[in-house]
Amino acid sequence: MSDIRYLDWPFFEPRHAQMQRELDTWAHEHVSQHAHADVDAECRALVKSLGAGGWLRHAVAGTIYGGSADNIDTRALCLMRETLARHSGLADFAFAMQGLGSGAISLHGTAAQKQRYLTRVASGTAIAAFALSEPEAGSDVAAMSCAARIDGEHAVLDGEKTWISNGGIADFYVVFARSGEAEGARGISAFIVDAGTTGFEIAERIDVIAPHPLARLKFSSCRIPLAQRIGEGGQGFKIAMRTLDVFRTSVAAAALGMARRAMDEALQRATTRQMFKQRLADFQLTQASLAKMATTIDSAALLTYRAAWLRDQGQNVTREAAMAKMAATEGAQQVIDAAVQMFGGRGVVSEQPVERLYREIRALRIYEGATEVQQLIIARELLK
Ligand SMILES: Cc1cc2nc3c(=O)[nH]c(=O)nc-3n(C[C@H](O)[C@H](O)[C@H](O)COP(=O)(O)OP(=O)(O)OC[C@H]3O[C@@H](n4cnc5c(N)ncnc54)[C@H](O)[C@@H]3O)c2cc1C
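Residues numbered from 1 in each chain as written. Predicted model: local features only at pLDDT ≥ 70, side-chain atom pairs only at ≥ 80, totals over all residues. Heavy atoms only, no water.

A.B. asks: Any chance you could break down the packing of aromatic side chains for me, citing the residues and the numbers?
C.D. replies: The tally for this structure, following the rule as stated, stands at 12 aromatic pairs. Centroid distance Trp9 to Phe11: 6.4 Å. Interplanar angle 75°. Geometry classified as edge-to-face. Phe11 sits in the buried class, given a relative accessible area of 16%. Geometrically, the ring pair formed by Phe11 and Trp309 is tilted, given 6.2 Å between the ring centres and 50° between the ring planes. Of the two residues, Phe11 is situated in the segment before α1 (14–30) and Trp309 in helix α7 (residues 284–312); the sequence distance between them amounts to 298 residues. Since its relative accessible area comes to 30%, Trp309 is described here as partly exposed. Through pairs of rings, three or more aromatic residues link up here, namely Tyr6, Trp9, Phe11, Phe12, Tyr305 and Trp309. (Phe/Tyr/Trp six-rings, centres within 6.5 Å; stacked < 30°, edge-to-face > 60°. Buried < 20%, exposed > 50% of the residue type's maximum accessible area, 1.4 Å probe, protein only. Helix = DSSP H or I, 4+ residues; strand = E, 2+ residues; numbered from the N terminus.)

Here it is, written out as C-alpha coordinates:
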(Lines give C-alpha, C1' and ligand atoms only; values in the text may rest on other atoms or scores of the structure.)
Protein backbone atom coordinates (compact mmCIF):
# COMPACT_ATOMS: atom_id res chain seq x y z
CA MET A 1 0.00 0.00 0.00
CA SER A 2 1.35 3.43 -0.96
CA ASP A 3 1.05 5.05 2.46
CA ILE A 4 -0.26 3.75 5.75
CA ARG A 5 1.46 6.40 7.86
CA TYR A 6 -1.69 8.49 7.75
CA LEU A 7 -3.12 6.17 10.42
CA ASP A 8 -0.76 7.95 12.84
CA TRP A 9 -2.42 11.30 12.15
CA PRO A 10 -3.89 12.93 15.26
CA PHE A 11 -7.43 12.55 13.89
CA PHE A 12 -7.37 8.88 14.85
CA GLU A 13 -7.36 6.88 18.06
CA PRO A 14 -5.42 3.61 18.34
CA ARG A 15 -8.65 1.60 17.86
CA HIS A 16 -9.11 3.14 14.43
CA ALA A 17 -5.74 1.98 13.15
CA GLN A 18 -6.33 -1.48 14.59
CA MET A 19 -9.75 -1.74 12.98
CA GLN A 20 -8.36 -0.62 9.62
CA ARG A 21 -5.66 -3.29 9.70
CA GLU A 22 -8.14 -6.01 10.68
CA LEU A 23 -10.57 -5.00 7.93
CA ASP A 24 -7.78 -4.91 5.36
CA THR A 25 -6.77 -8.46 6.29
CA TRP A 26 -10.42 -9.58 6.21
CA ALA A 27 -10.97 -7.98 2.81
CA HIS A 28 -7.91 -9.73 1.35
CA GLU A 29 -9.53 -13.04 2.33
CA HIS A 30 -13.20 -12.32 1.65
CA VAL A 31 -13.56 -9.74 -1.09
CA SER A 32 -13.23 -10.85 -4.68
CA GLN A 33 -11.30 -8.65 -7.09
CA HIS A 34 -13.11 -10.07 -10.10
CA ALA A 35 -16.28 -8.99 -11.85
CA HIS A 36 -19.36 -11.14 -11.36
CA ALA A 37 -22.02 -11.71 -13.94
CA ASP A 38 -24.81 -11.47 -11.37
CA VAL A 39 -24.34 -8.18 -9.52
CA ASP A 40 -27.48 -8.69 -7.37
CA ALA A 41 -26.22 -12.04 -6.10
CA GLU A 42 -22.77 -10.57 -5.49
CA CYS A 43 -24.23 -7.70 -3.45
CA ARG A 44 -26.41 -10.00 -1.38
CA ALA A 45 -23.38 -12.21 -0.69
CA LEU A 46 -21.25 -9.20 0.26
CA VAL A 47 -23.88 -7.92 2.74
CA LYS A 48 -24.14 -11.38 4.30
CA SER A 49 -20.40 -11.73 4.54
CA LEU A 50 -19.84 -8.19 5.91
CA GLY A 51 -22.55 -8.92 8.49
CA ALA A 52 -21.03 -12.24 9.51
CA GLY A 53 -17.63 -10.54 9.81
CA GLY A 54 -19.14 -8.03 12.28
CA TRP A 55 -18.32 -5.05 10.03
CA LEU A 56 -21.88 -3.83 9.53
CA ARG A 57 -22.14 -3.04 13.25
CA HIS A 58 -20.24 0.15 12.38
CA ALA A 59 -22.97 1.20 9.93
CA VAL A 60 -25.73 1.54 12.56
CA ALA A 61 -26.08 3.42 15.86
CA GLY A 62 -27.07 1.85 19.19
CA THR A 63 -25.32 -1.05 20.87
CA ILE A 64 -28.66 -2.56 21.94
CA TYR A 65 -29.62 -2.75 18.27
CA GLY A 66 -26.41 -4.43 17.14
CA GLY A 67 -24.37 -1.27 16.53
CA SER A 68 -20.72 -1.01 17.57
CA ALA A 69 -21.42 2.24 19.47
CA ASP A 70 -24.33 4.47 20.45
CA ASN A 71 -23.39 7.06 17.85
CA ILE A 72 -22.01 6.39 14.41
CA ASP A 73 -18.22 6.78 14.59
CA THR A 74 -17.56 8.86 11.46
CA ARG A 75 -13.84 8.17 11.44
CA ALA A 76 -14.44 4.41 11.62
CA LEU A 77 -17.08 4.67 8.89
CA CYS A 78 -14.66 6.58 6.66
CA LEU A 79 -11.73 4.26 7.28
CA MET A 80 -13.93 1.29 6.49
CA ARG A 81 -15.18 2.78 3.23
CA GLU A 82 -11.68 3.78 2.23
CA THR A 83 -10.34 0.30 2.95
CA LEU A 84 -13.16 -1.56 1.21
CA ALA A 85 -13.09 0.76 -1.81
CA ARG A 86 -9.40 0.00 -2.25
CA HIS A 87 -10.32 -3.66 -2.62
CA SER A 88 -13.63 -3.41 -4.51
CA GLY A 89 -16.11 -0.67 -5.36
CA LEU A 90 -18.97 -3.12 -4.92
CA ALA A 91 -17.83 -4.15 -1.41
CA ASP A 92 -17.70 -0.49 -0.42
CA PHE A 93 -21.13 0.05 -1.97
CA ALA A 94 -22.67 -2.91 -0.10
CA PHE A 95 -21.29 -1.62 3.20
CA ALA A 96 -22.16 2.04 2.61
CA MET A 97 -25.75 1.39 1.56
CA GLN A 98 -26.47 -0.52 4.77
CA GLY A 99 -25.52 2.66 6.61
CA LEU A 100 -27.18 5.19 4.30
CA GLY A 101 -30.31 3.06 3.92
CA SER A 102 -30.80 2.73 7.66
CA GLY A 103 -29.23 6.07 8.67
CA ALA A 104 -32.57 7.85 9.13
CA ILE A 105 -33.68 5.06 11.50
CA SER A 106 -30.38 5.22 13.44
CA LEU A 107 -30.78 8.98 13.85
CA HIS A 108 -34.55 9.43 14.27
CA GLY A 109 -36.29 6.03 14.45
CA THR A 110 -38.49 4.83 17.31
CA ALA A 111 -37.25 2.03 19.57
CA ALA A 112 -39.57 -0.39 17.75
CA GLN A 113 -38.28 0.67 14.32
CA LYS A 114 -34.68 0.34 15.51
CA GLN A 115 -35.34 -3.09 16.97
CA ARG A 116 -37.04 -4.31 13.81
CA TYR A 117 -34.64 -2.89 11.21
CA LEU A 118 -31.25 -1.94 12.66
CA THR A 119 -30.60 -5.34 14.23
CA ARG A 120 -31.07 -7.01 10.84
CA VAL A 121 -29.03 -4.38 8.99
CA ALA A 122 -26.16 -4.86 11.45
CA SER A 123 -26.18 -8.64 11.07
CA GLY A 124 -26.44 -8.50 7.29
CA THR A 125 -29.81 -10.28 7.25
CA ALA A 126 -31.72 -7.32 5.76
CA ILE A 127 -30.66 -5.03 2.92
CA ALA A 128 -31.45 -1.31 3.20
CA ALA A 129 -32.14 1.45 0.63
CA PHE A 130 -32.51 5.23 0.76
CA ALA A 131 -35.13 6.63 -1.66
CA LEU A 132 -34.93 10.39 -2.02
CA SER A 133 -34.28 11.26 -5.71
CA GLU A 134 -37.00 11.47 -8.33
CA PRO A 135 -36.94 11.84 -12.10
CA GLU A 136 -37.70 15.59 -11.75
CA ALA A 137 -36.05 16.15 -8.37
CA GLY A 138 -32.37 15.24 -8.05
CA SER A 139 -30.11 18.17 -7.16
CA ASP A 140 -33.27 20.17 -6.39
CA VAL A 141 -34.57 17.50 -4.06
CA ALA A 142 -37.11 19.73 -2.30
CA ALA A 143 -39.01 19.80 -5.62
CA MET A 144 -40.06 16.18 -5.06
CA SER A 145 -43.61 15.23 -5.98
CA CYS A 146 -44.02 11.66 -4.67
CA ALA A 147 -47.04 12.15 -2.39
CA ALA A 148 -47.96 10.76 1.03
CA ARG A 149 -51.63 11.36 1.87
CA ILE A 150 -52.54 10.72 5.51
CA ASP A 151 -55.64 8.53 5.83
CA GLY A 152 -56.43 7.74 9.49
CA GLU A 153 -53.65 5.52 10.82
CA HIS A 154 -52.06 5.12 7.39
CA ALA A 155 -50.11 7.09 4.81
CA VAL A 156 -50.93 6.42 1.17
CA LEU A 157 -47.95 6.81 -1.19
CA ASP A 158 -48.28 7.71 -4.86
CA GLY A 159 -45.41 8.60 -7.20
CA GLU A 160 -41.92 7.60 -8.25
CA LYS A 161 -38.35 7.49 -7.00
CA THR A 162 -35.34 6.89 -9.22
CA TRP A 163 -31.61 6.09 -9.13
CA ILE A 164 -32.28 4.10 -5.96
CA SER A 165 -29.27 2.03 -4.95
CA ASN A 166 -30.15 -1.51 -3.85
CA GLY A 167 -33.44 -1.02 -5.73
CA GLY A 168 -34.68 -4.51 -6.51
CA ILE A 169 -32.68 -6.32 -3.82
CA ALA A 170 -33.46 -4.28 -0.69
CA ASP A 171 -35.68 -5.69 2.06
CA PHE A 172 -36.83 -2.20 3.02
CA TYR A 173 -36.67 1.34 1.63
CA VAL A 174 -36.62 4.62 3.56
CA VAL A 175 -38.84 6.73 1.30
CA PHE A 176 -39.18 10.51 1.44
CA ALA A 177 -42.52 11.86 0.22
CA ARG A 178 -44.51 15.07 0.15
CA SER A 179 -46.96 14.92 3.05
CA GLY A 180 -48.11 18.53 2.73
CA GLU A 181 -47.72 19.96 6.25
CA ALA A 182 -46.21 23.06 4.60
CA GLU A 183 -44.87 24.26 1.26
CA GLY A 184 -41.48 23.06 -0.01
CA ALA A 185 -38.95 21.34 2.23
CA ARG A 186 -41.16 21.60 5.36
CA GLY A 187 -43.86 19.43 3.83
CA ILE A 188 -41.90 16.19 3.44
CA SER A 189 -41.97 13.08 5.64
CA ALA A 190 -39.93 9.87 5.81
CA PHE A 191 -41.47 6.37 5.77
CA ILE A 192 -40.13 2.84 5.93
CA VAL A 193 -41.60 0.72 3.14
CA ASP A 194 -40.99 -3.03 3.20
CA ALA A 195 -40.28 -4.79 -0.09
CA GLY A 196 -43.40 -6.62 -1.22
CA THR A 197 -45.86 -4.05 0.20
CA THR A 198 -48.98 -3.89 -1.97
CA GLY A 199 -48.85 -0.89 -4.31
CA PHE A 200 -45.03 -0.76 -4.33
CA GLU A 201 -43.16 -2.08 -7.36
CA ILE A 202 -39.75 -1.96 -9.01
CA ALA A 203 -40.73 -0.16 -12.23
CA GLU A 204 -37.33 -0.42 -13.94
CA ARG A 205 -33.83 -1.69 -13.30
CA ILE A 206 -31.12 0.73 -14.47
CA ASP A 207 -27.71 -0.37 -15.81
CA VAL A 208 -24.86 2.01 -15.06
CA ILE A 209 -21.18 2.49 -15.94
CA ALA A 210 -19.92 0.41 -12.98
CA PRO A 211 -22.54 -2.23 -12.26
CA HIS A 212 -24.46 -1.97 -9.03
CA PRO A 213 -28.12 -2.62 -8.23
CA LEU A 214 -30.11 0.48 -9.16
CA ALA A 215 -33.81 0.96 -9.85
CA ARG A 216 -36.75 3.24 -10.40
CA LEU A 217 -39.51 2.65 -7.85
CA LYS A 218 -43.23 3.18 -8.30
CA PHE A 219 -45.89 3.68 -5.62
CA SER A 220 -49.59 3.37 -6.51
CA SER A 221 -52.02 3.79 -3.60
CA CYS A 222 -49.41 2.11 -1.41
CA ARG A 223 -50.74 2.03 2.19
CA ILE A 224 -48.18 2.25 4.98
CA PRO A 225 -49.09 2.21 8.70
CA LEU A 226 -48.20 5.56 10.30
CA ALA A 227 -46.06 3.58 12.73
CA GLN A 228 -43.66 3.27 9.78
CA ARG A 229 -43.13 7.03 9.64
CA ILE A 230 -39.70 8.16 10.87
CA GLY A 231 -39.94 11.25 13.07
CA GLU A 232 -42.82 13.71 12.94
CA GLY A 233 -44.76 14.64 9.82
CA GLY A 234 -42.98 17.44 7.92
CA GLN A 235 -39.55 16.50 9.35
CA GLY A 236 -38.50 14.33 6.40
CA PHE A 237 -36.28 16.86 4.64
CA LYS A 238 -34.36 17.60 7.82
CA ILE A 239 -33.98 13.86 8.47
CA ALA A 240 -32.68 13.29 4.92
CA MET A 241 -30.16 16.13 5.22
CA ARG A 242 -28.94 14.94 8.65
CA THR A 243 -28.47 11.44 7.24
CA LEU A 244 -26.55 12.80 4.25
CA ASP A 245 -24.41 14.93 6.57
CA VAL A 246 -23.09 11.71 8.15
CA PHE A 247 -22.57 9.86 4.90
CA ARG A 248 -21.32 12.68 2.61
CA THR A 249 -17.89 12.60 4.28
CA SER A 250 -17.81 8.84 3.79
CA VAL A 251 -18.25 9.29 0.01
CA ALA A 252 -15.02 11.29 0.13
CA ALA A 253 -13.40 8.38 1.97
CA ALA A 254 -14.53 5.89 -0.67
CA ALA A 255 -13.05 8.12 -3.40
CA LEU A 256 -9.85 8.26 -1.38
CA GLY A 257 -9.68 4.46 -1.25
CA MET A 258 -10.09 4.26 -5.02
CA ALA A 259 -7.38 6.89 -5.54
CA ARG A 260 -4.99 5.04 -3.20
CA ARG A 261 -5.56 1.83 -5.13
CA ALA A 262 -4.83 3.63 -8.42
CA MET A 263 -1.65 5.03 -6.88
CA ASP A 264 -0.54 1.54 -5.78
CA GLU A 265 -1.20 0.18 -9.25
CA ALA A 266 0.62 3.09 -10.90
CA LEU A 267 3.69 2.69 -8.67
CA GLN A 268 3.81 -1.01 -9.39
CA ARG A 269 3.55 -0.40 -13.14
CA ALA A 270 5.99 2.51 -13.26
CA THR A 271 8.68 0.58 -11.39
CA THR A 272 8.41 -2.56 -13.53
CA ARG A 273 7.64 -1.36 -17.07
CA GLN A 274 10.81 -1.06 -19.16
CA MET A 275 11.04 1.32 -22.11
CA PHE A 276 13.85 3.25 -23.81
CA LYS A 277 16.29 1.12 -21.73
CA GLN A 278 15.01 2.30 -18.37
CA ARG A 279 11.99 2.01 -16.11
CA LEU A 280 8.92 4.16 -16.70
CA ALA A 281 9.50 5.50 -13.16
CA ASP A 282 12.96 6.80 -14.14
CA PHE A 283 11.49 9.49 -16.39
CA GLN A 284 10.99 12.86 -14.76
CA LEU A 285 7.63 13.22 -16.51
CA THR A 286 6.46 10.08 -14.71
CA GLN A 287 7.85 11.34 -11.42
CA ALA A 288 5.97 14.63 -11.83
CA SER A 289 2.76 12.70 -12.41
CA LEU A 290 3.36 10.49 -9.36
CA ALA A 291 4.12 13.53 -7.20
CA LYS A 292 0.89 15.21 -8.26
CA MET A 293 -1.11 12.05 -7.59
CA ALA A 294 0.38 11.64 -4.10
CA THR A 295 -0.26 15.28 -3.22
CA THR A 296 -3.86 15.11 -4.45
CA ILE A 297 -4.38 12.01 -2.32
CA ASP A 298 -2.91 13.56 0.83
CA SER A 299 -4.95 16.77 0.37
CA ALA A 300 -8.13 14.72 0.02
CA ALA A 301 -7.23 12.57 3.03
CA LEU A 302 -6.59 15.62 5.22
CA LEU A 303 -9.93 17.19 4.27
CA THR A 304 -11.79 13.90 4.68
CA TYR A 305 -10.46 13.02 8.11
CA ARG A 306 -10.71 16.61 9.32
CA ALA A 307 -14.44 16.50 8.53
CA ALA A 308 -14.83 13.05 10.13
CA TRP A 309 -12.93 14.08 13.27
CA LEU A 310 -14.88 17.34 13.64
CA ARG A 311 -18.16 15.47 13.33
CA ASP A 312 -17.05 12.99 16.00
CA GLN A 313 -16.35 16.04 18.23
CA GLY A 314 -20.03 16.95 17.82
CA GLN A 315 -19.41 19.92 15.52
CA ASN A 316 -21.38 21.03 12.49
CA VAL A 317 -19.48 19.92 9.38
CA THR A 318 -21.64 21.22 6.53
CA ARG A 319 -18.76 23.18 4.99
CA GLU A 320 -16.02 20.65 5.80
CA ALA A 321 -17.98 17.64 4.50
CA ALA A 322 -18.78 19.47 1.26
CA MET A 323 -15.10 20.41 0.81
CA ALA A 324 -14.02 16.84 1.50
CA LYS A 325 -16.53 15.34 -0.90
CA MET A 326 -15.68 17.75 -3.70
CA ALA A 327 -11.89 17.54 -3.32
CA ALA A 328 -11.72 13.78 -2.81
CA THR A 329 -14.04 12.75 -5.65
CA GLU A 330 -12.66 15.24 -8.19
CA GLY A 331 -9.08 14.47 -7.08
CA ALA A 332 -9.62 10.71 -7.30
CA GLN A 333 -10.90 11.05 -10.85
CA GLN A 334 -7.63 12.83 -11.79
CA VAL A 335 -5.44 10.32 -9.96
CA ILE A 336 -7.18 7.36 -11.56
CA ASP A 337 -6.98 8.96 -15.01
CA ALA A 338 -3.23 9.50 -14.54
CA ALA A 339 -2.86 5.83 -13.51
CA VAL A 340 -4.74 4.66 -16.63
CA GLN A 341 -2.40 6.82 -18.75
CA MET A 342 0.65 5.21 -17.14
CA PHE A 343 -0.65 1.76 -18.00
CA GLY A 344 -0.86 2.65 -21.71
CA GLY A 345 -2.99 0.17 -23.68
CA ARG A 346 -3.32 -2.12 -20.67
CA GLY A 347 -5.03 0.72 -18.81
CA VAL A 348 -8.16 0.42 -20.90
CA VAL A 349 -8.44 -3.38 -20.95
CA SER A 350 -11.75 -4.46 -19.38
CA GLU A 351 -11.50 -5.42 -15.72
CA GLN A 352 -7.90 -4.31 -15.27
CA PRO A 353 -7.93 -2.69 -11.78
CA VAL A 354 -7.31 0.82 -13.18
CA GLU A 355 -9.98 0.39 -15.86
CA ARG A 356 -12.46 -0.72 -13.21
CA LEU A 357 -11.55 2.23 -10.99
CA TYR A 358 -11.97 4.61 -13.94
CA ARG A 359 -15.60 3.51 -14.23
CA GLU A 360 -16.25 3.14 -10.50
CA ILE A 361 -15.19 6.67 -9.50
CA ARG A 362 -17.45 8.50 -11.96
CA ALA A 363 -20.75 8.32 -10.11
CA LEU A 364 -19.22 9.55 -6.84
CA ARG A 365 -18.89 13.03 -8.39
CA ILE A 366 -22.66 13.01 -8.95
CA TYR A 367 -24.47 11.23 -6.14
CA GLU A 368 -25.14 12.59 -2.63
CA GLY A 369 -24.83 16.07 -4.16
CA ALA A 370 -22.95 16.69 -7.41
CA THR A 371 -19.71 18.72 -7.22
CA GLU A 372 -21.59 21.87 -8.27
CA VAL A 373 -23.97 21.40 -5.35
CA GLN A 374 -21.01 21.05 -2.97
CA GLN A 375 -19.58 24.30 -4.39
CA LEU A 376 -22.87 26.06 -3.67
CA ILE A 377 -22.90 24.71 -0.11
CA ILE A 378 -19.33 25.89 0.54
CA ALA A 379 -20.05 29.33 -0.93
CA ARG A 380 -23.29 29.65 1.07
CA GLU A 381 -21.38 28.94 4.28
CA LEU A 382 -18.71 31.51 3.33
CA LEU A 383 -21.26 34.19 2.53
CA LYS A 384 -23.41 33.68 5.63
C1 LIG B 1 -24.94 5.40 -9.18
C2 LIG B 1 -25.94 6.27 -8.51
C3 LIG B 1 -26.51 5.88 -7.30
C4 LIG B 1 -27.47 6.68 -6.69
N5 LIG B 1 -28.07 6.24 -5.54
C6 LIG B 1 -29.08 6.97 -5.00
C7 LIG B 1 -29.80 6.47 -3.86
O8 LIG B 1 -29.51 5.39 -3.33
N9 LIG B 1 -30.85 7.21 -3.38
C10 LIG B 1 -31.21 8.40 -3.94
O11 LIG B 1 -32.16 8.99 -3.45
N12 LIG B 1 -30.56 8.90 -5.02
C13 LIG B 1 -29.50 8.21 -5.56
N14 LIG B 1 -28.83 8.68 -6.66
C15 LIG B 1 -29.28 9.93 -7.27
C16 LIG B 1 -28.31 11.08 -7.13
O17 LIG B 1 -28.28 11.56 -5.82
C18 LIG B 1 -28.71 12.13 -8.17
O19 LIG B 1 -28.38 11.59 -9.45
C20 LIG B 1 -28.02 13.45 -7.95
O21 LIG B 1 -28.52 14.10 -6.81
C22 LIG B 1 -28.20 14.38 -9.16
O23 LIG B 1 -29.53 14.48 -9.52
P24 LIG B 1 -29.98 14.26 -11.04
O25 LIG B 1 -29.41 12.99 -11.52
O26 LIG B 1 -31.43 14.47 -11.13
O27 LIG B 1 -29.21 15.41 -11.83
P28 LIG B 1 -29.69 16.92 -11.96
O29 LIG B 1 -30.29 17.40 -10.71
O30 LIG B 1 -30.45 17.04 -13.23
O31 LIG B 1 -28.28 17.63 -12.13
C32 LIG B 1 -27.48 17.44 -13.32
C33 LIG B 1 -26.21 18.18 -13.16
O34 LIG B 1 -26.44 19.56 -13.05
C35 LIG B 1 -25.39 20.16 -12.34
N36 LIG B 1 -25.96 21.02 -11.31
C37 LIG B 1 -26.78 20.68 -10.28
N38 LIG B 1 -27.11 21.77 -9.57
C39 LIG B 1 -26.51 22.82 -10.18
C40 LIG B 1 -26.47 24.22 -9.92
N41 LIG B 1 -27.15 24.75 -8.89
N42 LIG B 1 -25.74 25.01 -10.75
C43 LIG B 1 -25.08 24.49 -11.80
N44 LIG B 1 -25.06 23.17 -12.08
C45 LIG B 1 -25.77 22.35 -11.28
C46 LIG B 1 -24.53 19.03 -11.74
O47 LIG B 1 -23.38 18.86 -12.55
C48 LIG B 1 -25.44 17.85 -11.87
O49 LIG B 1 -24.72 16.65 -12.00
C50 LIG B 1 -27.85 7.91 -7.27
C51 LIG B 1 -27.25 8.31 -8.47
C52 LIG B 1 -26.31 7.52 -9.09
C53 LIG B 1 -25.70 7.98 -10.39
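Having put the structure on the table, let's press on.
A.B. asks: Let's hear about the site of the ligand: which residues, and what values?
C.D. replies: The environment of the ligand is formed by 19 residues, the closest being Phe130, Ser133, Ser139, Trp163 and Glu372. Within the side chain of Ser133, one N or O atom sits 2.7 Å away from a nitrogen atom of the ligand. The contact in question runs from an oxygen atom of the ligand to an N or O atom on the side chain of Glu372, over 2.7 Å. Expressed as a share of its isolated accessible area of 970 Å², the protein-covered part of the ligand is 66%. Of all the secondary-structure elements, those providing two or more residues to the shell around the ligand are β1 (128–131), β3 (154–165) and α10 (371–383). Classifying every residue of the shell around the ligand by side-chain character gives 12 nonpolar, five polar and two charged. (Near = heavy atom within 4 Å. Polar contact = N/O pair within 3.5 Å; in protein donor to acceptor, adjacent residues only side chain to side chain. Areas by Shrake-Rupley, 256 points an atom, 1.4 Å probe, with all protein chains shown as cover. Nonpolar A, V, L, I, M, F, W, Y, C, P; charged D, E, K, R; others polar.)

A.B. asks: Run through the pairing of strand β7 (residues 214–225), naming residues and quoting values.
C.D. replies: Pairing geometry for β3 and β7, over nine bridges, is antiparallel. Within the sheet, the bridge partner assigned to Ala155 lies in β7 and is Ile224. (Pairing = 2+ DSSP bridges.)

A.B. asks: Tell me about the packing of helix α8 (residues 318–343) against helix α9 (residues 353–360), and name the residues and values.
C.D. replies: At their nearest, the axes of α8 and α9 sit 9 Å apart, and the two run at 150° to each other. As summarised for this structure, α8 and α9 are arranged roughly antiparallel, according to the angle between their axes. Remark: the crossing between α8 and α9 carries left-handed chirality. Packed against α8, whose contacting residues are Gln333, Ile336, Asp337, Ala339, Val340 and Phe343, the element α9 presents Val354, Leu357 and Tyr358 at the interface. Its residues placed into classes, the contact of α8 with α9 shows seven nonpolar, one polar and one charged. (Axes fitted to C-alpha atoms, helices over the stretch in contact; angles between N-to-C directions. Parallel < 35°, antiparallel > 145°, perpendicular 65-115°, else oblique. Left-handed = near helix turned anticlockwise from the far one by under 90°. Contact = heavy atoms within 4.5 Å.)

A.B. asks: Got a sec to walk through the environment of Met263? Specific residues and values, please.
C.D. replies: By the secondary structure assignment, Met263 is in helix α6 (residues 236–272). A relative accessible area of 6% places Met263 in the buried class. For the pair Met263 and Leu50, spaced 213 residues apart in sequence, the C-alpha separation works out to 26 Å.

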